[in-house]
Each structure stands twice: as C-alpha cells, then as structure tokens.
Amino acid sequence: MAGEVSDLQAVLFDMDGVLVISNPLHFRAWQDFGRQIGLVVTEEMFYREFSGRKNEEALEALFPGRFTAEERAELSRRKEALFRERYVPLLLPVPGVRELVADLNRHAVPLALATSGPPENVQAILRHLKLEGAFDVVVTGQDVTAAKPDPAIFRIAAERLGVPCEQALVIEDSIAGVQAACAAGAVCLGVSTSEPPSRLEEVGAVHVVADFLGMKTDTLRAIYHEARDRLLPDRPTQTGPS
C-alpha cells in the first residue's frame, strides 16, 4: 500500500499511558509488592523493562533464571491483583481521552483496545473510566504469546475488526508499543505520558501529543492521511509472520 492514501478504517488504543496515567501507579504497585517478597524494582528498572511489556518477560529480563515460568506468572498475577485493589481507584484518565472515544463512537469508527495487561485490569479500568462497551474489540496479553514490540497484538486487533493494519491508526505511549505498531504496518500517534516526544518519534511515531484535549475524529483522520501521504511511503515495508 506504499504511496496509496486510503481512508482511516479503525483506531487501536493502548491502555496504560493512553487511556489512563497509570505507569507511576504501576511502579508504586511493584514497589509495594516487591517489599512483600524481597524483590527490588527501581524506577529505572521499571521504565526500562516493564513499560509496554508483559510482566513475565520483564521479570526474566531483570532477574534471569531466578524464577520459573510458573513463578513469573504467579508473581505477575499477585502484583496485578494488588494494583487493581489499591491503585485503580486512584487512576486519572489522560485528559480528553473520554471525549475523543465518545466522538469516535458517534462517527462509528471501529475501535480496539490492545494492551499487554491482563483482562482483569482491562475490565477494572474501563469500568473506572465508564468506558465499558466503548471498544468493539479488546485484545490483551492473554491473546498473544509475544508482547510488544512484537506486532501480533495489533495485527490480531485489526483482524478482529476486519480492517488491514495499514488502514488503522494506533495510539501508543511506550517505545515497545510504537515499535509494535510500526512493525504491524499501522500509522502510530504517540502520547508523551511515559516517554519524551523525541524518543517516540525516533522509533516511528508520526506525531506526538501530550494529551487528547480538543482532539476529535477529524483530528485523527488528518494525522492518518498526512502520514500515509507523506511519511509512510518512505518507511521500509514490514514483512514476517505475526
């Protein structure tokens, strides 16, 4: 599809850092949980390894060989349960995101939520934001074997919506998430809630915003069309299995 401008067919949202400002609270949850089990997770470790990735993968990267796969899964489950109980009630939406989602719904733009988090977190956060039912498709970390930056999660989301990734706009806040979106062939809009704008642009975000205040469906369409018309034809074609 290089060089061809086609209409925006779907918008794929990440959750943590895109719907909610959650990374600082996820870090606090890891600190709380770490104290319970004698595990030290520093802020640098958290943002380097956990942001945008599955907990199990981050734990193995940080503590290679220390835990079995079953132990990593159990540690992840317990930490996320603590996060939901203690910190989800404190979460704030990224400014303007609820209004943007509502406008996309009014314009009947197919929406997907694609997050490395577990389904229980998705249910709790959507309920907290009063966005239950706003997304046509939800894909979580349980639906993929490899987390971002692997593109599978976005390819699955687009497939379930019935649209090509090349006709989707992905909204992401993490380095791994932007890389996954670009590897899937989508246009990626960055949100600088977790990383500086320059870092998101370096790995492929076509535009970066601080929040969604004042943004509407037409804003996203304009970003998508500008990228397809001007930037994406110059980007290497992505190939390979999902």
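Throughout, a residue's number is its position along its own chain's written sequence, starting from 1. The model is predicted, so local features are restricted to residues of pLDDT at least 70 and side-chain atom pairs to those at 80 or more, both for listing and for counting; the totals for chains, interfaces and linings are taken over all residues. Note that water and hydrogens are dropped before the side-chain values are worked out from all heavy atoms of the structure.

1. A short note on the overall build of the protein chain
- Strands here are runs of E lasting at least two residues and helices are runs of H or I lasting at least four, both read from the DSSP assignment and numbered beginning at the N terminus. Helix and strand counts for the protein chain come out as ten helices and six strands.
- It is over C-alpha atoms that the radius of gyration is taken, and the globule rule equals 2.2 Å times the number of residues to the power 0.38. For the protein chain, the C-alpha radius of gyration of 17 Å lies close to 18 Å, the compact-globule estimate for 242 residues.
- Expressed along its principal axes, the backbone C-alpha trace of the protein chain runs to roughly 55 × 35 × 30 Å.
- Exposed residues in this analysis have more than 50% of their type's maximum accessible area, buried residues have under 20%, and partly exposed residues fall in between, with area computed by a 1.4 Å probe over protein chains only. Looking at the protein chain as a whole, 55% of its 242 residues are labelled buried.
- Accessible surface area values rest on a Shrake-Rupley calculation with a 1.4 Å probe, where residue burial reflects the displayed protein chains alone. Counting every atom, the protein chain has about 10700 Å² of accessible surface; 49% of that belongs to carbon and sulfur.
- We treat Lys and Arg as the positive residues and Asp and Glu as the negative residues; His and chain ends play no part in the count. Each charge is placed at NZ for Lys, CZ for Arg, CG for Asp and CD for Glu. Computed over 25 positive and 35 negative side-chain charges, the inter-centroid distance for the protein chain is 5 Å.

2. Some points on the layout of surface pockets
- Taken as a whole, the largest pocket spans an internal volume of roughly 520 Å³.
- Along the wall of the largest pocket there are 31 residues; nearest its centre are N55, E80, S116, G117 and P118.
- Broken down by secondary-structure element, the contributors of at least two residues to the lining of the largest pocket are α1 (23-37), α2 (43-50), α3 (55-62), α4 (69-86) and α6 (119-129).
- Element by element, the count of residues in the lining of the largest pocket is highest for α4, at six residues.
- For the lining of the largest pocket, the class distribution of residues is six nonpolar, 13 polar and twelve charged. A cavity here means a set of 1 Å grid points, computed over protein atoms only, where a 1.4 Å probe fits but cannot escape. A pocket is an open set with protein on both sides within 12 Å along at least 5 of 7 lines, and lining residues have an atom within 4 Å of a point. Grid points are joined across faces, edges and corners, and a volume is the space filled by probe spheres set on the points. Residue classes follow a fixed rule: Ala, Val, Leu, Ile, Met, Phe, Trp, Tyr, Cys and Pro count as nonpolar, while Asp, Glu, Lys and Arg count as charged, and any other residue, Gly among them, counts as polar.

3. Observations regarding the pattern of salt bridges
- In what follows, salt bridge is the name for a side-chain nitrogen of Lys or Arg lying within 4 Å of a carboxyl oxygen of Asp or Glu. As enumerated under the stated definition, the model contains 13 salt bridges in all.
- E44 serves as the salt-bridge partner of R48, at 2.5 Å between the closest nitrogen and oxygen. Taken as a pair, R48 and E44 lie in helix α2 at a separation of four residues, close to a single helical turn.
- The residue R77 makes a salt bridge to E74 at a minimum N-O spacing of 2.7 Å. One end of the pair is R77 and the other is E74, both in helix α4 and three residues apart, which spans about a single turn.
- The exposure class of R77 is partly exposed, given its relative accessible area of 47%.
- Members of the salt-bridge network, linked through shared partners, are D14, K148 and E172.

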